[in-house]
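The chain contents come next:
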Amino acid sequence: EAGVTQFPSHSVIEKGQTVTLRCDPISGHDNLYWYRRVMGKEIKFLLHFVKESKQDESGMPNNRFLAERTGGTYSTLKVQPAELEDSGVYFCASSQDVGLFEAFFGQGTRLTVV
Amino acid sequence: GEDVEQSLFLSVREGDSSVINCTYTDSSSTYLYWYKQEPGAGLQLLTYIFSNMDMKQDQRLTVLLNKKDKHLSLRIADTQTGDSAIYFCAEMGANNLFFGTGTRLTVIP
């Protein structure tokens, strides 16, 4: 069974450009999460989808970040326009249940804004 | 909000035991987790402990939980070079995980 996959694995963009990250969860997992780790700091929650609905987006830093999950399958996270402080590793995770939280994480997308 | 703290670095010699410590703030957390991130890889769930337990052992891994002090530790016995990675402590919040900064474990041959 395929795990959680993220694309791209690395992205280097210039400040002001747009980047779209993609996450394909494990098939059948209704819950999809985005997290971010800024260099040397903790991994922080960004948002949580249940199917195609945003359950909790309290961790989204600002309105330059837009997450979607059309059809309740894969999700995209768009950063527009990117700023230097957006650099970090963006992780996606999926799980079947929210209550018993056994989430499977992707390998992450390393975003560098220069 | 929840706050999870870990030391950033730990070095041990191959064959020794490693102890990675973590403190957390949310006493209502029902589960506490240890994740491992190897270079170039994603986060891998290593083990977890339910909040009504004091200890959990799984092969070379021992998790100790002190609820009174809100302290969680991960002990790796007979540490191997393959154990070199970043280890993240996490607590379960209302609907998601709150992670620490991660402890980079370096195993010296």
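Okay, so let's go over this structure. Predicted, not measured: the structure shown is a model, and the values here were computed from it.

Procedures and definitions
Residues numbered from 1 in each chain as written. Chains lettered and ligands numbered in written order. Predicted model: local features only at pLDDT ≥ 70, side-chain atom pairs only at ≥ 80, totals over all residues. Heavy atoms only, no water. Pairing = 2+ DSSP bridges. Helix = DSSP H or I, 4+ residues; strand = E, 2+ residues; numbered from the N terminus. Axes fitted to C-alpha atoms, helices over the stretch in contact; angles between N-to-C directions. Disulfide = S-S within 2.5 Å. Buried < 20%, exposed > 50% of the residue type's maximum accessible area, 1.4 Å probe, protein only. Core = buried A, V, L, I, M, F, W, Y, C linked by side-chain atoms within 4.5 Å.

### Observations regarding the sheet that holds strand S3 (residues 18–24) of chain B
Residues and elements named next belong to chain B. Across the sheet, five strands lie side by side as S1-S3-S8-S7-S6; this open sheet has antiparallel pairing. The sheet is open, and its two borders are formed by strand S1 (4–6) and strand S6 (55–58), each paired with just one other strand. Pairwise comparison of adjacent strand axes, ignoring direction, gives a mean angle of 15° for this sheet. One ladder, built from three bridges, connects S1 with S3; its direction is antiparallel. Bridge pairing links glutamate 5 to threonine 23 in S3.

### What about the sheet that holds strand S3 (residues 19–24) of chain A?
Residue and element names in this part refer to chain A. As summarised here, the arrangement of the four strands in space is S1-S3-S8-S7, forming an open sheet in which the pairing is antiparallel. Edge positions in the sheet fall to strand S1 (5–7) and strand S7 (65–68), since each has one partner strand and no second. Each strand of the sheet is rotated relative to its neighbour by a mean of 15°, with strand direction disregarded. As paired strands, S7 and strand S8 (residues 75–79) are joined by four bridges and run antiparallel to one another. Each bridged residue has a counterpart across the sheet, and for glutamate 68 the counterpart in S8 is threonine 76.

### A short note on the state of the cysteines
Residues and elements named next belong to chain A. One pass over the structure, following the stated rule, counts two disulfides over all chains. Across the disulfide from cysteine 23 sits cysteine 92; the S-S distance is 1.8 Å. Here the disulfide of cysteine 23 and cysteine 92 is left-handed, its torsion about the S-S bond being about -65°. In this pair, cysteine 23 is assigned in strand S3 and cysteine 92 in strand S9 (residues 88–95), connecting sequence segments 69 residues apart. What makes cysteine 92 buried here is its relative accessible area of 0%.

### Quick look at the nonpolar core
Ranked by size, the top nonpolar core spans 21 residues in total, and within it A:Trp34, A:Leu46, A:Leu47, A:Met60, A:Leu77 and A:Tyr90 carry the most contacts. Elements with a contribution of two residues or more to this core: S3, strand S4 (31–37), strand S5 (43–50), S7, S8, S9 and strand S11 (109–113) of chain A.

None of this, on its own, says anything about what the molecule does.
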